[in-house]
Amino acid sequence: MDILSIIFIVAGLFFLIVAAIGVVRLPDVFSRSHAVSLTDSLGAFLMLIGMSLHEGLDKNTLKILVVLALLYILNPVIAHATIRAALRSGIKPWKKETP
Amino acid sequence: MKTFLLYVMVLLALLIGAYLYRVLRGPTIFDRVLGLNGISTKAIILLIVIGMYFGRVDMFIDISTGYALLNLVGALAVAKFLEQKGHP
(Lines give C-alpha, C1' and ligand atoms only; values in the text may rest on other atoms or scores of the structure.)
Protein backbone atom coordinates (compact mmCIF):
# COMPACT_ATOMS: atom_id res chain seq x y z
CA MET A 1 0.00 0.00 0.00
CA ASP A 2 2.97 2.32 0.55
CA ILE A 3 4.13 2.05 -3.07
CA LEU A 4 0.66 2.93 -4.41
CA SER A 5 0.35 5.98 -2.17
CA ILE A 6 3.84 7.20 -3.17
CA ILE A 7 2.87 6.88 -6.86
CA PHE A 8 -0.31 8.92 -6.30
CA ILE A 9 1.52 11.64 -4.32
CA VAL A 10 4.27 12.00 -6.95
CA ALA A 11 1.67 12.31 -9.72
CA GLY A 12 -0.13 15.02 -7.73
CA LEU A 13 3.14 16.89 -7.19
CA PHE A 14 3.75 16.84 -10.96
CA PHE A 15 0.42 18.54 -11.62
CA LEU A 16 1.01 21.11 -8.86
CA ILE A 17 4.40 22.02 -10.36
CA VAL A 18 2.79 22.44 -13.80
CA ALA A 19 0.16 24.74 -12.24
CA ALA A 20 2.87 26.87 -10.58
CA ILE A 21 4.79 27.23 -13.86
CA GLY A 22 1.57 28.28 -15.60
CA VAL A 23 0.80 30.88 -12.95
CA VAL A 24 4.24 32.46 -13.30
CA ARG A 25 4.51 32.30 -17.11
CA LEU A 26 1.06 32.91 -18.67
CA PRO A 27 0.28 36.43 -19.95
CA ASP A 28 -3.23 37.27 -18.72
CA VAL A 29 -5.51 36.98 -15.68
CA PHE A 30 -7.99 34.76 -17.54
CA SER A 31 -5.42 32.24 -18.72
CA ARG A 32 -3.80 32.28 -15.28
CA SER A 33 -7.14 31.39 -13.71
CA HIS A 34 -7.33 28.45 -16.13
CA ALA A 35 -4.00 27.18 -14.77
CA VAL A 36 -4.96 27.71 -11.12
CA SER A 37 -8.44 26.21 -11.19
CA LEU A 38 -8.20 23.11 -13.38
CA THR A 39 -4.67 21.82 -12.82
CA ASP A 40 -4.67 22.64 -9.13
CA SER A 41 -7.91 20.68 -8.59
CA LEU A 42 -6.46 17.57 -10.25
CA GLY A 43 -3.21 17.80 -8.28
CA ALA A 44 -5.02 18.19 -4.95
CA PHE A 45 -7.29 15.23 -5.83
CA LEU A 46 -4.33 12.92 -6.53
CA MET A 47 -2.38 14.00 -3.43
CA LEU A 48 -5.32 13.61 -1.04
CA ILE A 49 -6.24 10.20 -2.53
CA GLY A 50 -2.64 9.07 -1.95
CA MET A 51 -2.67 10.26 1.67
CA SER A 52 -5.99 8.55 2.43
CA LEU A 53 -4.61 5.30 0.95
CA HIS A 54 -1.66 5.55 3.32
CA GLU A 55 -3.83 6.20 6.36
CA GLY A 56 -5.84 2.99 6.07
CA LEU A 57 -9.54 2.64 6.83
CA ASP A 58 -10.65 4.66 9.85
CA LYS A 59 -12.30 7.98 10.58
CA ASN A 60 -9.29 10.08 9.52
CA THR A 61 -9.68 8.77 5.97
CA LEU A 62 -13.32 9.90 5.99
CA LYS A 63 -12.26 13.37 7.14
CA ILE A 64 -9.66 13.61 4.35
CA LEU A 65 -12.37 12.70 1.82
CA VAL A 66 -14.61 15.44 3.31
CA VAL A 67 -11.80 17.98 2.74
CA LEU A 68 -11.47 16.67 -0.83
CA ALA A 69 -15.19 17.19 -1.54
CA LEU A 70 -14.97 20.67 0.02
CA LEU A 71 -12.04 21.58 -2.28
CA TYR A 72 -14.00 20.39 -5.32
CA ILE A 73 -16.90 22.70 -4.43
CA LEU A 74 -14.65 25.60 -3.36
CA ASN A 75 -12.07 25.88 -6.14
CA PRO A 76 -14.36 26.39 -9.20
CA VAL A 77 -16.68 28.73 -7.27
CA ILE A 78 -13.82 31.06 -6.29
CA ALA A 79 -12.31 31.02 -9.80
CA HIS A 80 -15.69 31.77 -11.38
CA ALA A 81 -16.46 34.65 -9.00
CA THR A 82 -13.01 36.24 -9.49
CA ILE A 83 -13.09 36.01 -13.28
CA ARG A 84 -16.67 37.34 -13.42
CA ALA A 85 -15.61 40.35 -11.35
CA ALA A 86 -12.54 40.89 -13.60
CA LEU A 87 -14.65 40.79 -16.77
CA ARG A 88 -17.30 43.13 -15.37
CA SER A 89 -14.78 45.71 -14.19
CA GLY A 90 -13.53 46.17 -17.74
CA ILE A 91 -10.37 44.10 -18.27
CA LYS A 92 -9.93 43.10 -21.90
CA PRO A 93 -8.83 39.50 -22.66
CA TRP A 94 -5.33 39.13 -24.05
CA LYS A 95 -4.94 38.60 -27.81
CA LYS A 96 -1.83 37.70 -29.74
CA GLU A 97 -0.62 40.58 -31.89
CA THR A 98 -0.65 39.77 -35.58
CA PRO A 99 2.45 41.27 -37.25
CA MET B 1 8.25 7.03 4.28
CA LYS B 2 9.12 9.86 6.69
CA THR B 3 12.01 11.09 4.50
CA PHE B 4 9.69 11.13 1.49
CA LEU B 5 7.16 13.21 3.44
CA LEU B 6 9.92 15.66 4.38
CA TYR B 7 10.83 16.14 0.69
CA VAL B 8 7.14 16.65 -0.14
CA MET B 9 6.90 19.38 2.50
CA VAL B 10 9.96 21.22 1.16
CA LEU B 11 8.62 21.07 -2.41
CA LEU B 12 5.23 22.44 -1.34
CA ALA B 13 6.95 25.34 0.42
CA LEU B 14 8.86 26.14 -2.80
CA LEU B 15 5.56 26.11 -4.74
CA ILE B 16 4.09 28.58 -2.24
CA GLY B 17 7.07 30.83 -3.03
CA ALA B 18 6.26 30.64 -6.76
CA TYR B 19 2.67 31.74 -6.08
CA LEU B 20 3.95 34.52 -3.80
CA TYR B 21 5.82 36.01 -6.77
CA ARG B 22 2.48 36.40 -8.57
CA VAL B 23 0.87 37.92 -5.47
CA LEU B 24 3.64 40.50 -4.99
CA ARG B 25 3.84 41.79 -8.56
CA GLY B 26 0.58 41.05 -10.31
CA PRO B 27 -0.47 43.71 -12.83
CA THR B 28 -4.10 43.83 -11.64
CA ILE B 29 -5.70 43.12 -8.28
CA PHE B 30 -7.43 39.98 -9.60
CA ASP B 31 -4.03 38.38 -10.13
CA ARG B 32 -3.36 38.86 -6.44
CA VAL B 33 -6.69 37.26 -5.49
CA LEU B 34 -5.95 34.25 -7.72
CA GLY B 35 -2.50 33.89 -6.18
CA LEU B 36 -3.96 33.91 -2.68
CA ASN B 37 -6.43 31.20 -3.71
CA GLY B 38 -3.57 29.03 -4.93
CA ILE B 39 -1.57 29.64 -1.74
CA SER B 40 -4.52 28.58 0.42
CA THR B 41 -4.96 25.34 -1.56
CA LYS B 42 -1.26 24.55 -1.06
CA ALA B 43 -1.57 25.37 2.66
CA ILE B 44 -4.49 22.92 3.08
CA ILE B 45 -2.43 20.10 1.53
CA LEU B 46 0.66 21.13 3.53
CA LEU B 47 -1.25 20.94 6.82
CA ILE B 48 -2.34 17.35 6.11
CA VAL B 49 1.24 16.38 5.15
CA ILE B 50 2.53 17.88 8.42
CA GLY B 51 -0.09 15.88 10.31
CA MET B 52 1.03 12.66 8.63
CA TYR B 53 4.68 13.44 9.36
CA PHE B 54 4.09 13.85 13.09
CA GLY B 55 1.47 11.08 13.31
CA ARG B 56 -1.36 13.38 14.46
CA VAL B 57 -3.71 13.48 11.47
CA ASP B 58 -6.80 13.64 13.73
CA MET B 59 -5.77 17.07 15.00
CA PHE B 60 -4.42 18.70 11.83
CA ILE B 61 -7.32 17.65 9.60
CA ASP B 62 -9.74 19.78 11.64
CA ILE B 63 -7.48 22.84 11.26
CA SER B 64 -7.35 22.18 7.52
CA THR B 65 -11.17 22.03 7.25
CA GLY B 66 -11.55 25.32 9.11
CA TYR B 67 -8.96 26.96 6.87
CA ALA B 68 -10.80 25.79 3.74
CA LEU B 69 -14.15 27.22 4.92
CA LEU B 70 -12.52 30.53 5.90
CA ASN B 71 -10.84 30.79 2.49
CA LEU B 72 -14.19 30.28 0.72
CA VAL B 73 -15.92 33.09 2.63
CA GLY B 74 -13.01 35.52 2.31
CA ALA B 75 -12.45 35.05 -1.43
CA LEU B 76 -16.18 35.35 -2.21
CA ALA B 77 -16.40 38.57 -0.16
CA VAL B 78 -13.41 40.11 -1.98
CA ALA B 79 -14.83 39.12 -5.39
CA LYS B 80 -18.27 40.59 -4.65
CA PHE B 81 -16.72 43.82 -3.36
CA LEU B 82 -14.55 44.29 -6.44
CA GLU B 83 -17.48 43.52 -8.73
CA GLN B 84 -19.73 46.14 -7.12
CA LYS B 85 -16.97 48.74 -7.14
CA GLY B 86 -16.97 48.83 -10.92
CA HIS B 87 -20.76 49.34 -11.10
CA PRO B 88 -21.96 51.78 -8.42
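For the structure, check the block above.
Rules used in this analysis
- Residues numbered from 1 in each chain as written.
- Chains lettered and ligands numbered in written order.
- Predicted model: local features only at pLDDT ≥ 70, side-chain atom pairs only at ≥ 80, totals over all residues.
- Heavy atoms only, no water.
- Helix = DSSP H or I, 4+ residues; strand = E, 2+ residues; numbered from the N terminus.
- Rg over C-alpha atoms; globule rule 2.2 N^0.38 Å.
- Buried < 20%, exposed > 50% of the residue type's maximum accessible area, 1.4 Å probe, protein only.
- Contact = heavy atoms within 4.5 Å.
- Areas by Shrake-Rupley, 256 points an atom, 1.4 Å probe, with all protein chains shown as cover.
- Core = buried A, V, L, I, M, F, W, Y, C linked by side-chain atoms within 4.5 Å.
- Phe/Tyr/Trp six-rings, centres within 6.5 Å; stacked < 30°, edge-to-face > 60°.
- Expected span 1.5 Å × (residues − 1).
- Salt bridge = Lys/Arg side-chain N within 4 Å of Asp/Glu carboxyl O.
- Axes fitted to C-alpha atoms, helices over the stretch in contact; angles between N-to-C directions.
- Parallel < 35°, antiparallel > 145°, perpendicular 65-115°, else oblique.
- Nonpolar A, V, L, I, M, F, W, Y, C, P; charged D, E, K, R; others polar.

S.K.: Quick one: what's the story with the overall build of chain A, residue by residue and with numbers?
M.R.: Scanning chain A for helices and strands turns up three helices and zero strands. Scanning chain A from its N terminus toward the C terminus, one meets helices and strands in the order α-α-α. Taking 13 Å as the expected radius of gyration for a compact globule of 99 residues, we find that chain A reaches 17 Å, considerably beyond that expectation. Each principal axis of the C-alpha atoms in chain A carries an extent, and together these give about 55 × 25 × 15 Å. When the 99 residues of chain A are sorted by exposure, 44% land in the buried category. Restricting the contact set of chain A to residue pairs at least 6 apart, pairs at least 24 apart contribute 68%. As displayed, chain A has an accessible area near 5,500 Å², and 72% of this comes from carbon and sulfur atoms.

S.K.: Which residues make up the nonpolar core, and what values go with them?
M.R.: In globular proteins that are soluble, nonpolar side chains generally tend to be buried together. If you look at the biggest cluster of nonpolar residues, it comprises 38 residues, and the most contacted ones within it are Met47, Leu48 and Met51 of chain A together with Val8, Leu12, Ile45 and Val49 of chain B. Counting only elements with at least two residues in this core, the list comes to helix 1 (2–25), helix 2 (29–55) and helix 3 (59–88) of chain A together with helix 1 (2–24), helix 2 (29–54) and helix 3 (57–86) of chain B. Here the element with the most residues in this core is helix 1 of chain B; it accounts for nine residues. Aside from chain neighbours lying at most four places away, what touches Met51 of chain A is Ile9 of chain A together with Ile45, Ile48, Val49 and Met52 of chain B. Val29, Ile83 and Ala86 of chain A together with Phe30 of chain B belong to the second largest nonpolar core, which has nine residues in total.

S.K.: How would you explain the packing of aromatic side chains if you had to name every residue and give the values?
M.R.: Residue and element names in this part refer to chain A. Applying the stated criterion to the full structure yields three aromatic pairs over all chains. Consider the rings of Phe45 and Tyr72, whose centres lie 6.0 Å apart with planes at 45°: the pair is tilted. Highlighted residues: Phe45 in helix 2 and Tyr72 in helix 3, separated in sequence by 27 residues. Here Phe45 falls in the partly exposed class, since its relative accessible area comes to 32%. For Tyr72, a relative accessible area of 41% translates into the label partly exposed.

S.K.: Would you mind going over helix 3 of chain A in detail, with residue names and values included?
M.R.: Count 3.6 residues to each turn of an α-helix, and residues three or four apart come out pointing the same way. With 30 residues, helix 3 of chain A should cover 44 Å at 1.5 Å per step; its first-to-last C-alpha distance of 44 Å lies within 8% of that length. Two residues or fewer past helix 3 of chain A, Gly90 of chain A is found with a positive phi of approximately 95°.

S.K.: If you had to explain the pattern of salt bridges to someone new, which residues and values would you point to?
M.R.: Across all of its chains, the model carries six salt bridges over all chains by this definition. When the shortest N-O distance is used, the salt bridge between Asp62 of chain B and Lys63 of chain A registers 3.4 Å. Of the two residues, Asp62 of chain B is situated in helix 3 and Lys63 of chain A in helix 3; the pairing between them involves two chains. The class of Lys63 of chain A is partly exposed, set by a relative accessible area of 27%. Connected via shared salt-bridge partners are Arg84 and Arg88 of chain A together with Glu83 of chain B.

S.K.: Please provide a residue-by-residue account of the packing of helix 3 of chain A against helix 2 of chain B, values included.
M.R.: For the pair helix 3 of chain A and helix 2 of chain B, the least separation of the axes is 10 Å and the interaxial angle reads 175°. Classed by the angle they form, the pair helix 3 of chain A and helix 2 of chain B counts as roughly antiparallel. Mapping the contact onto sequence places Ile64, Val67, Leu71, Asn75, Ile78, Thr82, Ala85 and Ala86 of chain A in helix 3 of chain A and Phe30, Val33, Leu34, Asn37, Thr41, Ile44 and Ile48 of chain B in helix 2 of chain B. Per-class residue counts for the contact of helix 3 of chain A with helix 2 of chain B are 11 nonpolar, four polar and no charged.

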